[in-house]
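So the chains spell out like this:
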Amino acid sequence: MAGKVVPVSNPFVSESDIHSVAKALRDGWISGEGPIVEAFENAFADYCSRDFAVSVTNGTAALELAIHCLDLAEGDEVIVPSFAIISCVSQVLRCGATPIFVDSDPSTWNLDVDLVAQHVTSRTRAIIAVHTYGLPVNMDPLLALCKDCGIALIEDAAEAHGLTYQGRKCGSFGDVSTFSFYANKNISSGEGGMVVTDDADLYKKLKYFRNLTFRAEERFVHEDLGWNLRMSSLQCALAHSQLNRIEETLHRRREIGDFYHERLGGIEDITLPATHSLGVRNDYWVFGLVLTGDREGTRALVQKALQELGVGTRPFFYPLHRQPVLKIFKLADQPTLPVAEHLGTNGFYIPNGLGMTNSDMEYVADMCLQVLQ
Ligand SMILES: *Cc1c(COP(=O)(O)O)cnc(C)c1O
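Owing to the predicted nature of the structure, the values given are computational and were not obtained by experimental measurement.

Asks: Can you help me understand the side chain of Ser277 in this one?
Replies: Within the secondary structure, Ser277 sits in strand E11 (residues 276–277). With near-sequence residues (within four places) excluded, Ser277 lies in contact with Thr108, Leu135 and Pro136.

Below, the structure is given as structure tokens:
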């Protein structure tokens, strides 16, 4: 096995993916406009049972565009899970609003929805729900709270293509919901993203700001400043092909997750991902390990030992409420959020890319046992 290397996320590209992109090229559709983009947007909206979908360059752009369209102002507050990616707060901070960070549930690693209500004030404008690492957020209490208090619900489903909650697809719950098609996501075009909604006015606004605020009349005369966030036809062709086999993708992720649970379940002072939550099976978008007890604080050593054996790993999200960048916004003084801090310090994930083979899985499990047992 000497010299074997298993990257943390090896992508899988099928023959039909290649065919789909080649067809776009042959047909001469390469830009971010035209029938291939529209077909993918329509198929994606249908898949999540939404009325409208707007493709964008990546999942961060999807969140930033969605948040831009909320017209937040200084003094407005947005409730965000601390255990999430920077993309969830970048636009909140840029527009002068204040993120209010909430801790995670220690067993699911998702936003602890029981803690949210106590953070709602008269200034709360939005809540961002992030389905994390393969399990859904408990949406019902958030939906009820948002409805009662007139708060917008932004649903970040970047890690949750095809995942369900109470029989409905993740991405179908938010006033606006967002996806990423980055290389390690369940549907991937390398880079890409999507915003979905049922609100026709919001849909128009999203499209307007995505596309440089061009208008049908007087195309090059602008009344607002927008961005070029268009996803190309080639990316849409690739992601569309992957949408068509999302069930196989989820099946494979679960196969890998089940295998790791079986092989790594007995190690002391390691927490593995919850297998279920809220009646839903984890789809193991990533397969995380969290060091506990005597192993706490040893993550760097463990990752290095695995790296030397050719096993790629990645640390968990660093808690947002501890991000150094908050200093720039005079928001560095934050209360302790113990779960997010524990996960952010002691969690990492091991290879589960769709391109890995069964023998790669065996190798990763063997090496984890060698390092951790
Ligand atoms: C990946 C991810 C994003 C960002 O997507 P990019 O396409 O990489 O910009 C946003 N939110 C979550 C929860 C993600 O996992």
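There is more to say, and it comes next.
Asks: Help me out: how do you make sense of the nonpolar core in this one?
Replies: Generally speaking, nonpolar side chains in soluble globular proteins are found buried as a group. Leu65, Val80, Phe83, Tyr133, Ile154 and Phe316 are the most contacted members of the largest nonpolar core, which has 50 residues in total. If you list the elements that add at least two residues to this core, you get strand E1 (52–56), helix H3 (59–68), strand E2 (77–81), helix H4 (90–94), strand E4 (124–130), strand E5 (152–156), helix H6 (200–210) and helix H10 (338–346). If one sorts the elements of this core by residue count, H3 sits on top with six residues. In contact with Phe316, other than residues within four places in its own chain, are Phe83, Trp109, Tyr133, Gly288, Leu289, Val290, Arg299, Leu343, Gly347, Phe348 and Tyr349.

Asks: It is not clear to me how helix H11 (residues 358–372) should be interpreted in this structure. Could you clarify?
Replies: Given 3.6 residues per turn, any residue in an α-helix points the same way as the ones three and four places further on. The terminal C-alpha atoms of H11, which comprises 15 residues, lie 21 Å apart, in line with the 21 Å expected from a rise of 1.5 Å per residue. Three or more residues of H11 are buried, namely Asp360, Met361, Tyr363, Val364, Ala365, Met367, Cys368, Leu369 and Leu372. Looking at the buried side of H11, the elements it contacts are helix H8 (246–264), strand E10 (270–271), strand E13 (287–291), helix H9 (299–308) and strand E15 (347–350).

Asks: In this structure, what is going on with the packing of helix H2 (residues 35–47) against helix H7 (residues 233–243)? I would like to understand it.
Replies: For any two helices packed against each other, one specifies the inter-axial angle together with the distance between the axes. Where H2 contacts H7, the two axes come as close as 8 Å, and the packing angle between them is 35°. Here the hand of the crossing between H2 and H7 comes out left-handed. The residues of H7 that touch H2, namely those facing Ile36, Val37, Ala39, Phe40, Ala43, Phe44 and Tyr47, are Ser233, Cys236, Ala237, Ala239, His240 and Leu243. Partitioned by chemical class, the residues of the contact of H2 with H7 number 11 nonpolar, two polar and no charged.

Asks: Can you help me understand the pattern of salt bridges in this one?
Replies: When the charged atoms of two side chains lie near each other, side chains of opposite charge can form a pair. Counted by the stated rule, this structure contains 19 salt bridges. Here Asp17 makes a salt bridge to Arg245, at a shortest N to O gap of 2.3 Å. A residue pair is termed long-range when its members are at least 10 positions apart, and Asp17 in helix H1 (residues 15–27) and Arg245 in the loop between H7 and H8 qualify at 228 residues. Overall, the relative accessible area of 10% leaves Arg245 in the buried class. Connected via shared salt-bridge partners are Arg215, Glu217, Glu218 and Glu223.

Asks: I keep staring at the site of the ligand and nothing clicks. Help me out?
Replies: Not every one of the 14 residues close to the ligand is listed here, only the nearest: Thr60, Asp156, Glu159, Ser180 and Lys185. Here Glu159 contributes a side-chain N or O atom positioned 2.5 Å from an oxygen atom of the ligand. Ser180 places a polar side-chain atom, nitrogen or oxygen, 2.7 Å from an oxygen atom of the ligand. In isolation the ligand has 380 Å² of accessible area, and contact with the protein removes 91% of it.

Asks: Looking at this model, I keep getting lost on the side chain of Glu159. Mind explaining?
Replies: Relative to the helices and strands, Glu159 resides in the loop between E5 and strand E6 (164–165). Summary of buried charges: Glu159 has no salt-bridge partner, and the nearest side chain of opposite charge, Lys185, is 5.1 Å away. For Glu159, the side chain forms a polar contact with the main-chain nitrogen of Tyr133, separated by 2.7 Å. Once residues lying within four places of it in the same chain are set aside, the contact partners of Glu159 are His131, Thr132, Tyr133, Asn186, Trp285 and Phe317.

Asks: Would you explain the pairing of E4 in this entry?
Replies: A regular strand places its side chains on the two faces of the sheet in alternate fashion. Counting buried residues in E4 gives six out of seven residues, a clear majority hidden from the surface. Bridge analysis of E2 against E4 gives three bridges, and the strand direction is parallel. Each residue of the ladder has a partner; that of Val78, found in E4, is Ala126. Direction of pairing for E4 relative to E5: parallel, over a ladder of five bridges. The partner of Ala129 across the bridge, within E5, is Glu155. As a crossover connection, the stretch from E4 through helix H5 (residues 139–149) into E5 is right-handed.

Criteria and cut-off values
Residues numbered from 1 in each chain as written. Predicted model: local features only at pLDDT ≥ 70, side-chain atom pairs only at ≥ 80, totals over all residues. Heavy atoms only, no water. Helix = DSSP H or I, 4+ residues; strand = E, 2+ residues; numbered from the N terminus. Contact = heavy atoms within 4.5 Å. Core = buried A, V, L, I, M, F, W, Y, C linked by side-chain atoms within 4.5 Å. Buried < 20%, exposed > 50% of the residue type's maximum accessible area, 1.4 Å probe, protein only. Expected span 1.5 Å × (residues − 1). Axes fitted to C-alpha atoms, helices over the stretch in contact; angles between N-to-C directions. Left-handed = near helix turned anticlockwise from the far one by under 90°. Nonpolar A, V, L, I, M, F, W, Y, C, P; charged D, E, K, R; others polar. Salt bridge = Lys/Arg side-chain N within 4 Å of Asp/Glu carboxyl O. Near = heavy atom within 4 Å. Polar contact = N/O pair within 3.5 Å; in protein donor to acceptor, adjacent residues only side chain to side chain. Areas by Shrake-Rupley, 256 points an atom, 1.4 Å probe, with all protein chains shown as cover. Lys, Arg positive; Asp, Glu negative; His and termini not counted. Pairing = 2+ DSSP bridges. Right-handed = clockwise from strand over helix to strand, strands pointing away.

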